[in-house]
Structures are given as C-alpha cells and as structure tokens.
Amino acid sequence: MHRVWNFSAGPATLPTEVLLQVQEELLDWHGAGCGVMEMSHRGKEFTGILEAAEADLRELLGIPAQYKVLFLQGGATQQFAQVPMNLLAGDQDRRSADYIVTGSWSKKAFKEAQRIGQVRQAASVEAKGQVADGFTRLPRADELDLDPQAAYLHLCTNETIHGVEVHDDAALAALLPAGVPLVADMSSHILSRPVDVSRYGLIYAGAQKNIGPSGVTLVIVREDLLGRAPAGIPTVMDYQVMADNGSMLNTPPTFAIYVAGLVFQWLKRQGGLAGMQAINREKAELVYAAIDASQGFYKNPVAADCRSCMNIPFTLAKPELDKPFLAEAQAAGLLGLKGHKSVGGMRASIYNAMPLDGVRALVHFMNDFAAKNA
Ligand SMILES: *Cc1c(COP(=O)(O)O)cnc(C)c1O
C-alpha cells in the first residue's frame, strides 16, 4: 500500500489511525456481527455511537448546555439557505440579516440568503477593481457598516479558498453590536483551535475538511434561536424539529457520524483543541516561513494577522513553473496542491489530520524546487 501526503482542500486527508480503526471495524463493529453502515440508526449500537460523538464534541469545544448539537446533511451549502430560512424568513419584526464578505464562501452565503429574505452586506474587503488582489484580509473596524437590529450577523471564520482566518474570537466580538447573534461558517477550521462557542449564536461546518467524510454537517445552535422558522418551512429544514428529534427525524448519515466520532476521540488523544492548535501553528509557521524566505519565488498575499493556519494559498513568481511544480510535487508524493481556479497558483491545505512530517516534506520540496528554478 502507498499513501501520499494529501494537501487536498476537501474532501481531505483523515488521520491514519482513524482509517485503520474503521478498517478493523468495517465488517463487524464491536461484535455486532455487521458494520456501522449496515445497522439500524434506531438500534442501541448506533444510538450509542451518536451519543458518544456528541459528548466528545461537546467536551472538545466546551459547548455550553444551552446549545444544541445537530448532525445534518446537505453540506455547508445547505446551511447557506437553512440559516436564513430559520432565522430570517419568519422574523416577526421583519428585520434583515447582515453579511460580512471576506471571500468566496461568505459571498456565496450572502447570495444564497438573498433568495430567502432581506440581507445587507455589512462589509466587503474585495479589493475594488483589483481582482488580482482579491480577498486578502479581514475588514477593519471602520469598514464595518453594522445594523444593530439585524436578525443575525453572518461571517466565515476561515475562507478556504483565500486563506483568510479569524484567529481571535474576543477581538472579533468586540467589533460587533451586542445582542445580534453571530452566525459562523467554520467548515474549514472547526476543531483546529479552541473556540469560545458562547460568542456565537450558531456555528455550522461541513465535515469533509476537518471532521470526517462528506455527508454530515454540524450545526451548533443556541436554544433561543430555535423555533423562529415560519410555519410553512419544510420539516426537514426546521432546526427545531431536528433538535426535538435528536438529529433522527429521518435516517442520519450514520457512517459519516461514526467516522466523525472516531476523529473526535483521536483529537482528544492529541491533547484536545489546545494541543491541536500548537501543532497546527507549528505546521503553518513552517510553510509561511518557506514562502517568506524564498525571495519572491513564492508569494502569499494575505495580511500577516489573518493568514490561515489551515489553507495556505501561494503563487509562483513565474507562472510557467506552475505545471512543473505540480508534476514534480506529485512525483515526490505530495498531492492536491493545485490552487482553486478562482485564485490560481497553489494551495496547501494542512488540516488537523496532516502530520508535521507531511508539512516538512512539502517545505523540503518547495525549498528544493526554488533552488533549482530561481
Ligand atoms: C467547503 C466549504 C463550503 C462548502 O461545503 P459543502 O459541504 O461542499 O457544501 C462552505 N464554506 C466553507 C468555508 C467551505 O470550506
């Protein structure tokens, strides 16, 4: 068997330990005589798996008791619609929702919400007329145009494509109007560092970056935000109904939840989120140091204080070297480094499951390639 270092943005690499455990349990889970994929979601085995996954997640993130944890389907993209369907469409006071646009994903969320209700763009850092610069920083306080009456304020705390990350929940919260629930798309950095969940009204994340296989979507929602959906909302889209049924209104994505639960256990063995954060910082610093020391051979355009620890986009000063870079990287066992088509160049996604050794291999390759081609 041959496993490469996989820098794919998502679906992304999973911890080898977890995959081996899945392999071990695939045909016969703990003596049940069948695998998790094949058992009833209502049986005691799967119910136990779901309960343990939720308990471990609550422990890892320190989720306060007045928050519900939902295991849904449809990806983060469904949440772009489901959030305004639940929190905006039925709003008794006909308020609008604010969106901070810091990259492609928050822009998509903003566009989707326009189909459901009244939304405002509370800030955008898209460099006007300078598409090449794109999204390279978070907005400053004086660039925010916030509605203190908004039904909620939406933001994406890690822009996967542009590599722009919110690192400090407290500093962020200080900029925002009190009483407006903060809704965050954390798809690509959830569980990569400790988060003060109490600062958020709702957090959502698709699983396939930092949680597990695609197919399950995590929603962590404060209880007072439930029950705000309009009467006509489809049952399966209603957070309140999903919460009342313990994410089991219908068949949940059982296998994805099971693997996510194993990832949560693995995270606890890494020292929880504080332990993971230390490793993630070390990994990111190695890559950024290689870029910054390359004398312009590699370039990352993101402002230093919001460079992502998870997704590191970079360009080569000579774009004609893009193809050789990718081909030689692949030959060296480094996969998934091609940047998103909207920004070009390269992107190294170094989620929790990417070991330090994989990052060292990448940096070694980058330094070598630059020395040969400078
Ligand atoms: C990947 C991603 C999405 C889209 O996720 P899907 O599960 O494919 O819908 C949304 N937001 C962010 C920040 C992402 O990284």
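What you see is a predicted model; the values in this text were computed from it and never measured.

About the criteria used
Residues numbered from 1 in each chain as written. Predicted model: local features only at pLDDT ≥ 70, side-chain atom pairs only at ≥ 80, totals over all residues. Heavy atoms only, no water. Near = heavy atom within 4 Å. Polar contact = N/O pair within 3.5 Å; in protein donor to acceptor, adjacent residues only side chain to side chain. Areas by Shrake-Rupley, 256 points an atom, 1.4 Å probe, with all protein chains shown as cover. Helix = DSSP H or I, 4+ residues; strand = E, 2+ residues; numbered from the N terminus. Nonpolar A, V, L, I, M, F, W, Y, C, P; charged D, E, K, R; others polar. Domains from an automatic or database assignment. Buried area = accessible area lost by both parts, 1.4 Å probe. Axes fitted to C-alpha atoms, helices over the stretch in contact; angles between N-to-C directions. Parallel < 35°, antiparallel > 145°, perpendicular 65-115°, else oblique. Left-handed = near helix turned anticlockwise from the far one by under 90°. Contact = heavy atoms within 4.5 Å. Buried < 20%, exposed > 50% of the residue type's maximum accessible area, 1.4 Å probe, protein only. Pairing = 2+ DSSP bridges. Expected span 1.5 Å × (residues − 1). Phe/Tyr/Trp six-rings, centres within 6.5 Å; stacked < 30°, edge-to-face > 60°. pLDDT = per-residue confidence, 0-100. Salt bridge = Lys/Arg side-chain N within 4 Å of Asp/Glu carboxyl O.

Describing the site of the ligand
Taken together, 13 residues are adjacent to the ligand, and Thr77, Thr160, Asp185, Gln208 and Lys209 come closest. Here Asp185 contributes a side-chain N or O atom positioned 2.6 Å from a nitrogen atom of the ligand. In this structure, an oxygen atom belonging to the ligand sits 2.9 Å away from a side-chain N or O atom of Gln208. For the ligand, whose accessible area on its own is 390 Å², the fraction buried by protein is 87%. The element that contributes the greatest number of residues to the shell around the ligand is helix H3 (residues 75-87), accounting for four residues. Here the residues of the shell around the ligand sort into four nonpolar, seven polar and two charged.

Section: the domain arrangement of the protein
Looking at the assigned domains, one finds that the protein contains domain 1 (17-269) and domain 2 (273-373). The straight-line distance from the C-alpha centre of domain 1 to that of domain 2 is 27 Å. In total, domain 1 and domain 2 occlude about 1900 Å² of area from one another, counting both sides; carbon and sulfur atoms represent 60% of this. Elements supplying a minimum of two residues to the side of domain 1 that touches domain 2: helix H2 (44-61), strand S7 (164-165) and helix H7 (254-269). Looking at the side of domain 1 that touches domain 2, its residues break down into 10 nonpolar, 11 polar and four charged.

Quick notes on the packing of H3 against helix H4 (residues 104-113)
A pair of packed helices is characterised by two quantities: the angle between their axes and the separation of those axes. Relative to each other, H3 and H4 sit at 45°, their axes nearing to 8 Å. Judged on the interaxial angle alone, H4 and H3 are oblique. Of the two elements, H3 crosses H4, and the hand of that crossing is right-handed. Along the contact surface, H3 presents Phe80, Ala81 and Pro84, while H4 presents Trp105, Lys108, Ala109, Glu112 and Ala113. Looking at the contact of H3 with H4, its residues break down into six nonpolar, no polar and two charged.

Regarding the pairing of strand S2 (residues 67-72)
Counting buried residues along S2, five of its six residues qualify, which places the element largely inside the surrounding structure. Of the strand pairs in this sheet, S2 and strand S10 (residues 217-222) are connected by six bridges, and their pairing is antiparallel. Note that in S10 the partner of Leu70 across the bridge is Val219.

Here's the deal with H7
In this model, H7 (16 residues) spans 23 Å end to end at C-alpha, consistent with the 22 Å of a helix rising 1.5 Å per residue. Within H7, 12 of the 16 residues are buried, leaving the element largely enclosed by the surrounding structure. Every buried residue belonging to H7 is among Thr254, Ala256, Ile257, Tyr258, Val259, Ala260, Gly261, Leu262, Val263, Phe264, Trp266 and Leu267, and all of these are buried. Two residues or fewer past H7, Gly271 is found with a positive phi of approximately 90°.

Some points on the packing of aromatic side chains
Enumeration according to the criterion identifies 13 aromatic pairs in this entry. Measuring from centroid to centroid gives 5.2 Å for Phe325 and Phe365, while their planes differ by 70°, and the two rings are edge-to-face. Taken together, the positions of Phe325 in helix H9 (residues 322-331) and Phe365 in helix H10 (residues 356-373) put the pair 40 residues apart, joining distant regions of the chain. Overall, the relative accessible area of 0% leaves Phe325 in the buried class. Here Phe365 falls in the buried class, since its relative accessible area comes to 9%. Taken together, the ring pairs in this structure connect Phe297, Tyr298, Phe314, Phe325, Phe365 and Phe369 into an aromatic cluster.

Observations concerning the confidence of the model for the protein
The predicted coordinates ought not to be read in detail in places where the model reports low pLDDT. The predicted model of the protein has a mean per-residue pLDDT of 95, with 98% of residues at 70 or higher. In the model, residues 129-133 has pLDDT below 50 throughout and makes one contact with residues more than four positions away in sequence or in other chains.

Looking at the pattern of salt bridges
Counted according to the given criterion, the structure contains 19 salt bridges. Of the charged contacts in the structure, one is a salt bridge between Asp292 and Arg307, with a shortest N-O distance of 2.9 Å. A residue pair is termed long-range when its members are at least 10 positions apart, and Asp292 in helix H8 (residues 272-292) and Arg307 in the loop between strand S11 (298-299) and strand S12 (311-316) qualify at 15 residues. The residue Glu328 makes a salt bridge to Lys372 at a minimum N-O spacing of 3.3 Å. Of the two residues, Glu328 sits in helix H9 while Lys372 sits in helix H10, which places them 44 residues apart along the sequence. Glu328 gets classed as partly exposed once you look at its relative accessible area, which sits at 31%. One salt-bridge network, held together by shared partners, links Arg137, Arg140, Asp142 and Glu143.

Overview of the environment of Asp28
Among the structural elements, Asp28 can be located in the loop between helix H1 (16-25) and H2. Spatially, the C-alpha atom of Asp28 lies 34 Å from that of Val221, the residues being 193 residues apart in sequence. Excluding anything up to four places from it in sequence, Asp28 contacts Gly33, Cys34 and Gly35. At a separation of 3.1 Å, a polar atom in the side chain of Asp28 contacts the main-chain amide nitrogen of Ala32.

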